[in-house]
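# Coordinate analysis (summary)
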Amino acid sequence: MKSQSLVAAALAVLPQALAITPEGMLSANRYGAAAPNPSGEFALFTVSNYSFETKARSSWWNKLDLKTGKITKWHDASGISEVVFVGPKDTSIIYVNGTNEEGDGGISLYSADANKLQDAKLIASLPAPYSGLKAVETKSGDIHFLVYTKAYPNGTAYNENLAEAPASSARLYDSIYVRHWDTWLTPQKNAVFGGVLKKKHGSYEFSGELTNYVTGICDVTCAESPYDQSDESDYDISPDGKHLVFLTKDTSLPLANYTADVIYYVPFDGSAKDAVPIQARGSTKYPEAQGAAVVPRFSPDGKKIAYLQMNGIAYESDRSILYVADANKKNFNVKRLAGNWDRAPDGLAWAPDSETIYVAAPDLGRERIFPIPVKAGDNYKPKSITDEGVPAGFYVLPNGNLLVSDSKIWTSRDIYSVNPHGKVVKTYFQANKVDPALKGLGPEDVSEFYYSTNTSEIDQQAWIIYPEGFSKHKTYPLAFISHGGPQGAHFNSWSTRWNFKVWADQGYVVIAPNPTASSGWGQNLTDSIQGRWGSYPYWDLVHAWKYVNSTLKYVDTSRGIEAGASFGGYMTNWMQGQEMGRWFKALVTHDGSTSTLNQYASEELWFMNHDFAGPFNQTGFDKSSPYWQWNPLLYVNNWATPHFVVHNEQDFRLPISEGILLFNLLQTKGVPSRLLSFPDENHWVLNQENSLVWHTEIFKWINYYSGISKASSPY
């Protein structure tokens, strides 16, 4: 980690980066995680990009030779959406084509040798839009596979192309949780299906039947796996193909109020009726483990199942803990590993010997990988084997090394191998040294500092991102960016939505603080936000700004701007009514909360029940209630700073009325303001053309008020 002395050293080396523009960033290649073949000889990964000239997207697969490091184009992605290594050879694959010959909205499965794709054979046509392929070769040579898609309540697969269109568009609900993220919920729910590809004449033949392992498990609600908008990370198949595991929300609890998950263990030749819960609430020797669970994974020897789970039954950002269960329905014998470790892992992978589990966890502004032995006790303290960046994926190779695909603030993808002791064995790919739009970007563009605050015993961290041609002898206006969540963090990772370097290269020094609620500095800092939305994190940001103002002489705070999305948008709205709001020339709110009294217009009620220390009811109007106390509208009379508002119509987490309310009040008060809305975007702006407009309009606004653009108007 860089100390303050290292910050000074970094300033002595002037960055040689070329400015990265919004167009360059948005049209640059986007890379998937490199997935190795079973022998560890090569890996495959996807690449895609967008052309603003042709208005077209391109995508393809690359092949990385893990011995030589050579990267070659493997196949156009148009015909292959997913690949699984499975079969008699280390180069044997099954792949998914997102269409089928019938053209009915289904998919096709092909078998092939990864080195002879031209000889691929069609082995199955499935009449629904299945995805999430996982497959293993059984002792007989047959292949057992899993996929998922939406299913009707009777268990049959749902295909929108084949479904009869209703005469009415009406939606009718009898319980809460009627929509989520950007989708209105329907009777059709995700389900995991399993099938058999029988070995025949050197290829395979589909048995013709798919088993639904999920639909029909019902109580207060009905099981769904993958849950809602999750993916194949919610289920796994055993190495011998005899069993599978999947997770679903706890069906005994209302969906909108609780985060509890249950992981089920099912024989492959069984059905939903045979599903047995591994860690149902109160069934293990850890009764406190009642919260959300993720990534159930069989060990390579098939004897154990690892997973991560939180304790809090209604808290989505509680500390997750690693557990291991025996793959034995008579006694799962769940064991907790490193239970006292003050980090919250969110991903895992087994070592080949089934004796070690590698987990990824937020840690001091990065997401690092830590090995944990299966024999670890509660007091075991994991040590990281990676440093900078945030992994998009990591795989353990047959030789015990890890193949890591990550990103950093200065590069959209690095691919490298690291040994179990933390030594980088080989760096295969660095996007900032290959992609023209990223040319010249590097770690010298980024630094960090720690500052003291009056809300916590520990110092808090903030990132510094420098503009093109930075000189410590010049001054640059401040771009102060508040993160969302609120439980979350500004990480050392690439983003195509809030790319710090793109903002910096407009001519700013970007400061991205990690105040109270941030993850990666211990659970106490994360939890301290509860009931204090406008208090602790606000004062932390005040102290971060004051540190910059008094210490970083190259930052011109008198010309600074502030921006934030989601909770960061709320914080921007809160600042607008506080003294800090007058410290900036302009503010930007993206999909933020304007009135905390409106929190129950959202979908995940557990979130506000936790963060506002209880459900919203008549007491929410008491002056001591967090719903009332931290409402930005209490200070609307103070609003004065020019304010750019973004709010999207498909954002069901924070409905568009919040943005319209904010804009209406700003306009009524005569505060210079502008509203940007996308009818087809959700909480995020994902479409490249929309994102270009987002960047263009926001930068016009802030560059005018900061004085960078020298324009005569922000419009």
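Structural notes, computed from the coordinates. Here the structure is a predicted model, which is why all the values come from computation and not from measurement.

### Let's talk about the sheet that holds strand 32 (residues 446-451)
Pairing in this open sheet of 8 strands is mixed, and the strands run 32-33-35-34-36-37-38-39 from one edge to the other. On the outer flanks of this sheet lie strand 32 and strand 39 (673-676), each paired with one strand and no other. With strand direction ignored, the average angle separating the axes of adjacent strands in the sheet is 20°. As paired strands, strand 36 (residues 555-565) and strand 37 (residues 586-590) are joined by 5 bridges and run parallel to one another. Note on strand 37: the bridge partner recorded for A565 is H590. Against the sheet, helix 6 (residues 567-576) engages strand 34 (476-482), strand 36, strand 37 and strand 38 (643-646), with an angle of about 130° to strand 36. Helix 9 (residues 657-669) contacts strand 37, strand 38 and strand 39 of the sheet and is inclined by roughly 160° relative to strand 39.

### Details of the sheet that holds strand 18 (residues 243-249)
An order of 17-18-19-20 is seen for the 4 strands of this open sheet, with the pairing classed as antiparallel. Lying at the two open borders of the sheet, with one neighbouring strand each, are strand 17 (235-237) and strand 20 (276-277). As judged from the 3 bridges shared by strand 17 and strand 18, these two strands associate in the antiparallel manner. Note that in strand 18 the partner of I237 across the bridge is L244.

### A short note on the side chain of T259
With respect to the helices, strands and loops of the structure, T259 is situated in the loop between strand 18 and strand 19 (261-267). Beyond its immediate stretch of four places on either side in the chain, T259 contacts K249, G291, A292, G312, I313, A314, Y315, E316 and W606.

### As for the environment of N514
Looking at where N514 falls in the secondary structure, it is placed in strand 35 (residues 509-514). Taking the relative accessible area as the measure of exposure, N514 reaches 0% and is therefore buried. Taking the C-alpha atoms as reference, N514 lies 31 Å from N664; in sequence the two are 150 residues apart. Among residues more than four places away in sequence, those in contact with N514 are Y451, Q460, Q461, A462, W463, H483, A489, H490 and W521.

### A short note on the pairing of strand 38
Here strand 38 shows two buried faces, one formed by H643 and V645 and the other by F644 and V646. Where strand 38 and strand 39 come together, 4 bridges link them in parallel fashion. If you follow V646 over to strand 39, its bridge partner there is L676. Between the parallel elements strand 38 and strand 39, the chain passes through helix 9 in a crossover that is right-handed.

### Comments concerning the state of the cysteines
Tallying each qualifying case throughout the model produces 1 disulfide. A sulfur-sulfur distance of 2.1 Å marks the disulfide that ties C218 to C222. Taking the sign of the S-S torsion, about 110° here, the bridge from C218 to C222 comes out right-handed.

### Structural notes on the pattern of salt bridges
Summed over the entire model, instances satisfying the criterion amount to 24 salt bridges. Between K73 and D76 there is a salt bridge, and its shortest N-O distance comes to 3.0 Å. According to the relative accessible area criterion, K73 is exposed, its value standing at 55%. Two residues, K89 and D113, come together in a salt bridge whose shortest N-O distance is 2.8 Å. On the criterion of sequence distance, the pair formed by K89 in the loop between strand 6 (82-85) and strand 7 (92-97) and D113 in strand 8 (residues 107-113) is long-range, its members being 24 residues apart. Residue K89 is classed as partly exposed on the basis of its relative accessible area, which comes to 47%. Overall, the relative accessible area of 13% leaves D113 in the buried class. Among the charged side chains, a salt-bridge network with shared partners connects R343, D363, R368 and D387.

### Remarks on the pairing of strand 37
Working note: regular strand, side chains alternate between the two faces of the sheet. Across the 5 residues of strand 37, 5 count as buried, placing the element largely inside the fold. What joins strand 36 to strand 37 is helix 6, and the crossover it makes is right-handed. Relative to strand 38, strand 37 is paired through 4 bridges, and the arrangement is parallel. When the bridges of strand 38 are listed, V588 appears paired with F644.

### Comments concerning the environment of S320
As for its placement among the helices and strands, S320 is situated in strand 23 (residues 320-326). Sequence-wise, S320 and Q523 are 203 residues apart; in three dimensions their C-alpha atoms are separated by 9.9 Å. Separated by 2.4 Å, the side chain of S320 and the backbone oxygen of P345 make a polar contact.

### A few points about the packing of aromatic side chains
This model, assessed by the stated rule, comprises 49 aromatic pairs. For the pair Y31 and F45, a centre-to-centre distance of 6.4 Å together with 55° between the ring planes defines the contact as tilted. Here Y31 is found in strand 1 (residues 30-31), whereas its partner F45 is found in strand 3 (residues 42-51), with 14 residues between them in sequence. According to the relative accessible area criterion, Y31 is buried, its value standing at 10%. Relative to F470, the ring of Y466 lies with its centre 4.5 Å away and its plane at 40°, an arrangement referred to as tilted.

### Re helix 9
In this model helix 9 runs 18 Å from its N-terminal to its C-terminal C-alpha over 13 residues, within 8% of the 18 Å that 1.5 Å per residue would give. Summarising the contacts, the buried residues of helix 9 are in contact with helix 6, strand 37, strand 38 and strand 39. Note on helix 9: the residue one or two positions beyond its end, G670, has a positive phi of about 80°.

Thresholds applied
Residues numbered from 1 in each chain as written. Predicted model: local features only at pLDDT ≥ 70, side-chain atom pairs only at ≥ 80, totals over all residues. Heavy atoms only, no water. Pairing = 2+ DSSP bridges. Helix = DSSP H or I, 4+ residues; strand = E, 2+ residues; numbered from the N terminus. Axes fitted to C-alpha atoms, helices over the stretch in contact; angles between N-to-C directions. Contact = heavy atoms within 4.5 Å. Buried < 20%, exposed > 50% of the residue type's maximum accessible area, 1.4 Å probe, protein only. Right-handed = clockwise from strand over helix to strand, strands pointing away. Disulfide = S-S within 2.5 Å. Salt bridge = Lys/Arg side-chain N within 4 Å of Asp/Glu carboxyl O. Polar contact = N/O pair within 3.5 Å; in protein donor to acceptor, adjacent residues only side chain to side chain. Phe/Tyr/Trp six-rings, centres within 6.5 Å; stacked < 30°, edge-to-face > 60°. Expected span 1.5 Å × (residues − 1).

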